[in-house]
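# Analysis of the macromolecular model
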Amino acid sequence: MRPLRYSINITLDGCCDHREGVPDEQTHLHAAQTIAEADAILLGRTTFEIMRDAWRGPELDPGMPEWTKPFAEAINSVKKYVVSSTLADVDWNAELLRGDLRQAVIDLKSRRGYGIFVGGVQLPLALAEWGLIDECELVVHPTVAGHGPWLFEGLSHPLGLKPLSRKEFRSGVVATRYEVRK
């Protein structure tokens, strides 16, 4: 069974707004390496559209630093599964998931492979409610946003975590991977 791993950039106060982080070479390289550890990425519509609009295409946007290239290559090449009831179709090496989301994710996990990463805010909340997340990687940026969206806001039960690894970056960002205790 493939593990489902949640990876998210957050601020010290738990804000998951992608605009509040400290984008730098090390965090982008780490994200590229993280994606390379998976067979697929599972995304909700909003996160899919944000990522697609920023990263789709074989050529790096001329306004992006050269050090973002490994991340661009990784995100472009990985298989994507998109959860949406409003999109009619998707491109960018993606496939729509429709119907019973819980069962669809169980089916994806049951396939052979290295694992599936999930990003975003609302989709991981639903997956955590169902007990389907196996690992969480929190990439904590040294800033306080003072606003949400917040990490796992509205979760109906505690999520027990066991630390697996920790990586510190020059910028002060700390990435910690946890096993979800079930």
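My aim in this report is to walk through the structure given alongside it, one point at a time. (Residues numbered from 1 in each chain as written. Predicted model: local features only at pLDDT ≥ 70, side-chain atom pairs only at ≥ 80, totals over all residues. Heavy atoms only, no water.)

## Re helix H4 (residues 101–110)
Definition in use: Here the term buried applies to any residue with accessible area under 20% of the maximum for its type, exposed to any over 50%, and partly exposed to those in between, with areas from a 1.4 Å probe on protein chains only. The helix count covers DSSP runs of H or I at least four residues long, the strand count covers runs of E at least two residues long, and both are numbered beginning at the N terminus. Within this analysis, the arc is defined by the directions that extend from the helix axis to the C-beta atoms. Every residue pair with non-hydrogen atoms within 4.5 Å of one another is taken to be in contact. Counted as a polar contact is a pair of N or O atoms within 3.5 Å, where, for protein atoms, one must be capable of donating a hydrogen and the other of accepting one, and residues adjacent in sequence contribute only when both atoms are in side chains.
Residues of H4 that are buried include every one of Leu101, Ala104, Val105, Leu108 and Lys109, and no others. The arc that holds every buried residue of H4, seen down its axis, measures 135 degrees, which confines them to one face. Contacts made by the buried residues of H4 are with strand E1 (4–11), strand E2 (40–44), strand E3 (79–83), strand E4 (94–97), strand E5 (116–118) and helix H5 (122–129). N-capping of H4 is provided by aspartate 100, with a side-chain oxygen placed 3.2 Å from the backbone N of arginine 102.

## Structural notes on the sheet that holds E3
Applicable threshold: When DSSP finds at least two bridges between two strands, those strands are taken to pair. Angles here are taken between N-to-C directions and fall from 0 to 180 degrees, while the axes themselves are lines fitted to C-alpha atoms, restricted in helices to the stretch in contact.
Pairing is mixed in the open sheet, where 8 strands are placed in the order E4-E3-E2-E5-E1-E6-E8-E7. The sheet terminates laterally at E4 and strand E7 (161–168), the two strands that pair on one side only. Averaged over all neighbouring strand pairs, the angle between strand axes comes to 25 degrees, with direction disregarded. When E1 meets E5, the two strands line up parallel, connected through 3 bridges. Paired with leucine 4 across the strands is isoleucine 116, a residue of E5. Set on the sheet, H5 makes contact with E1, E2, E3 and E5; between it and E2 the angle comes to about 105 degrees.

## Considering the packing of aromatic side chains
Definition in use: Paired rings are identified among Phe, Tyr and Trp, the last through its six-membered ring, by centres lying within 6.5 Å, and are further divided according to the angle between planes into stacked (under 30 degrees), edge-to-face (over 60) and tilted (the rest).
In total, this model carries 3 aromatic pairs according to the counting rule given. Plain terms: the ring middles of phenylalanine 48 and tryptophan 92 are 5.8 Å apart, the flat faces sit at 50 degrees to each other, and that makes the pair tilted. Placement of the pair is phenylalanine 48 in helix H2 (residues 45–55) and tryptophan 92 in the loop between E3 and E4, with a sequence separation of 44 residues. For tryptophan 92, a relative accessible area of 8% gives the class buried. With a centroid separation of 4.8 Å and an interplanar angle of 75 degrees, the aromatic rings of tryptophan 55 and phenylalanine 71 are classed as edge-to-face. Highlighted residues: tryptophan 55 in helix H2 and phenylalanine 71 in helix H3 (residues 69–77), separated in sequence by 16 residues.

## Topic: the side chain of threonine 34
Relative to the helices and strands, threonine 34 resides in helix H1 (residues 25–36). Note on threonine 34: relative accessible area 5%, which makes it buried. Filtering out sequence-adjacent residues up to four positions away, threonine 34 remains in contact with Ser7, Phe117, Glu137 and Arg177.

## Quick notes on the nonpolar core
Worth spelling out the cut-off: Take the buried residues of types Ala, Val, Leu, Ile, Met, Phe, Trp, Tyr and Cys, join any two whose side-chain atoms come within 4.5 Å, and each joined set is a nonpolar core.
In terms of nonpolar packing, the biggest core is built from 27 residues, with Leu4, Leu42, Leu127 and Ile133 touching the most fellow members. Filtering out sequence-adjacent residues up to four positions away, isoleucine 133 remains in contact with Leu4, Tyr6, Pro124, Leu127, Ala128, Phe152, Val180 and Lys182. In this structure, Leu43, Phe48, Phe71 and Trp92 belong to the second largest nonpolar core, which totals 18 residues.

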